[in-house]
Amino acid sequence: MPLTVARALGEYRALLAEHGVTWGEDPIYYVRSMATDAYLMGTTTFWEVCYGMLGARYPGMSFKALKERFDELDMDEVVRGVLAGRVLENLAALRLGEEGATVEARTRAVLDGIPLRTTLLVDSARPEAVTVLVDGRAHVVGPGGARLIKITNRSEVVADGLPVDLSSLARRAPAARLRVRAGLACKWSVYGEHGQGWYPEGAPERHDYHVMPYFHGDDLVLDVPAEALTVRVTRGMEYGSAEVTLTPAAGEETLVELTPERLYDAAARGWYGGDMHVHLNWAGDMVGTPELAGAMQHGEDLHVLNLVAGNVSSERVYDSEALEHWAGRDLPWSDASHLARIGVEYRNDLLGHLYAFGVSAPPSRFHTGFLGTADWPPNSVACEELRGLGAVTGYSHPFHTPFADADAPDRALLWGRNCSSREIVADAALGLVDTLDVLSQTSITATAVVYRHLIGAGNRIAVTAGTDAMVSFARRGNQSNPPGWARVYARVDGELTATSFAEAIRRGRTFGTTGPWLELSAGGRGPGATLDLSPGERITITARSVGPEVERLEIRTADGVLAEGPPGELTAELVVGDPTYVVALATGGPHERSFTDEVYAHTSPVYLDVDGRHVARAEDVAWCLEWLDALETLLREEGVFETAGQLTDHLDLIGRARKVYRERLT
């Protein structure tokens, strides 16, 4: 551990201790919402409840105006509203009504001498303010209000002057010991009643998108109750899962040996899977360490891990010290089939966020537009600098609202600061960006639509995947998933190195996936290839998938779906007319192997040039021009600039992009 990195991690621990999950970041809307994350995993109504509460307070106010009042919401009351009376394994409730005080909880097992640490939601239905004492400290709950309070099952809680019985929170269980072994580093889940997870000593109590407890490693020992438990093991998307239910004997050590079955071996075919956007630290309910990141990468058998240094909502750039120390070098746990680097997330919440992989040194700037500073310079300047440092660049977590191929661009652009990738249409036209993270924690289907418009309009950018997984969050929806729950697979020439992986991405030899293996062959060539054809030539196109979660295969060209069918293999014939592209998709509904709400895989294109002409479909070019018009309006109305010249720089960028698209029409 370099001294500078160790010192930074110590500072992060101090921030966590002083400020809690936000680490003292500027309390903009996504920072304030962090306080709810641990209690709302698996729920889908957060924004509905938020806007419902604001709408009740401000009847008739527009959606845009309501969003600007988000900071007025009490996040404890939002948690209560979303849960709507439910209690969780990590959240008990103290209901204060006219008839008195009652406790509701899912009783959890505790071993001798170990207190249960949990959170109490004080939920008041009373018209007056109420004071609740917890371990001698007074907590005032407003009329009809709610309050989240950290407690243990040994806490002393007093309401209405009377002690509150907390006996329903925990029950003592006889202790046993479990040893789990697979013969290789894996992801393990050990859980009992109510999904209560059990972990090795010192391991973070992490939960994934399915609210499943997990930890990584091999030949690990953990203390557990001597009662019915499920032990489950897997190892990233190239493996299935294995599980067993058992009752370990009290006072004894029980060995569980399980090894997940491999579904496919990408590296054996020359393909390596990477996650281009993972944070070691980004505020959070814990501090992420290099050791944890290395254990997660090996336990998921993730070939390439890009840990990005970036800010949250203030000036501090988390893990910049690690970038300073390791820039241009593999991280210490890298080996022949597991490569880790420190990269960059460049951030502007109005224009979009960029990842950079393979930087040789830190950039001069990591962000713009925070704390009221100017949205300047354009992201394009960062793209040029990061590329000058040897990086592959791509837009991350691009679009949030699902929309269809025929929808107008403004549905994707939205309004306000929400980190949508708004500048990409300009940067792609000018050749300033290499990829788009079609696979991420935001709307995959929406991003795929934008991606196909971009390549249909003549932009040659690759499909990548960046999950925005966060080592420093143990419970935060799919951001507390392990890295690599979505991956970009790139076909590498020779050995896996940062240089060979980056080159494969630049050449478009990629597909992105939430789990399925997906192949595309057009005229005998794979993603990233260009075929120069003559009008009337016929080519055969084949898509193949592997994975139990796939429900449908598609082959698409610039004109839409060419063929579709069940999983396995799909073949189509195409008689070439105008220049076009070919991509393959594999899709499906929710599945245990997918750590988001859908199954999705999407290839980069095989480009079909005709008589030397590239694809530049008029409808897609017009769509991009309409996007640029909307982007200009957005910048004029919502951009923050200190001088007229700063806005002019953005308008000049848009003007140059317009010129490129208009030339493609001819």
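Because the structure is a prediction, the values reported are computed rather than measured. For every chain, the first residue of the written sequence is number 1, and numbering continues from 1 onward in sequence order. Per-residue local features are limited, in this predicted model, to residues with pLDDT of at least 70; the limit for side-chain atom pairs, both in listing and counting, is 80 or more; totals at the level of whole chains, interfaces and linings are taken over all residues. Hydrogen atoms and water are omitted, and side-chain values are computed over all heavy atoms in the structure.

Participant: Is there a simple way to think about the sheet that holds strand E34 (residues 569-575) in this case?
Facilitator: Strand pairing in a sheet is mediated by backbone hydrogen bonds. Such pairs are either parallel or antiparallel. Judged by pairing direction, the sheet is antiparallel, and its three strands sit side by side in the order E29-E31-E34 without closing on themselves. For this open sheet the edge positions go to strand E29 (517-522) and E34, each flanked by a neighbour on one side alone. For this sheet, the mean inter-axis angle between neighbouring strands, taken without regard to orientation, is 15°. Pairing of strand E31 (residues 538-546) with E34, which is carried by seven bridges, proceeds in the antiparallel orientation. Bridging from a neighbouring strand, Ile541 pairs with Ala572 of E34. A pair of strands counts as paired when DSSP detects no fewer than two bridges linking them. For the purposes of this entry, the term helix denotes a DSSP run of H or I that reaches at least four residues, the term strand denotes a run of E that reaches at least two, and both are numbered from the N terminus. Simply put, an axis is a line fit to the C-alpha atoms, just over the touching stretch for a helix, and the angle between two N-to-C directions goes from 0 to 180 degrees.

Participant: How do you make sense of the sheet that holds strand E17 (residues 241-246) when you look at a structure like this?
Facilitator: Read from one edge to the other, the open sheet built from five strands follows the order E13-E14-E12-E16-E17, with strand pairing classed as antiparallel. Strands at the two margins of the open sheet, each flanked by one partner only, are strand E13 (206-207) and E17. The sheet contact formed by strand E12 (residues 186-191) and strand E14 (residues 213-217) spans three bridges and is antiparallel. Looking across to E14, one finds that Cys186 is bridged to Gly217. Between two residues, a contact is recorded if the distance between any of their heavy atoms is within 4.5 Å. With respect to the sheet, helix H6 (residues 290-299) is in contact with E12, E13, E14 and strand E16 (229-234), its orientation differing from that of E14 by roughly 90°.

Participant: I keep staring at the environment of Ala529 and nothing clicks. Help me out?
Facilitator: Tracing the sequence through the fold places Ala529 in the loop between E29 and strand E30 (530-533). Note: C-alpha distance between Ala529 and Gly508 (21 residues apart in sequence) is 7.8 Å. Beyond its immediate chain neighbours, meaning those up to four positions away, Ala529 contacts Pro605, Val606 and Tyr607.

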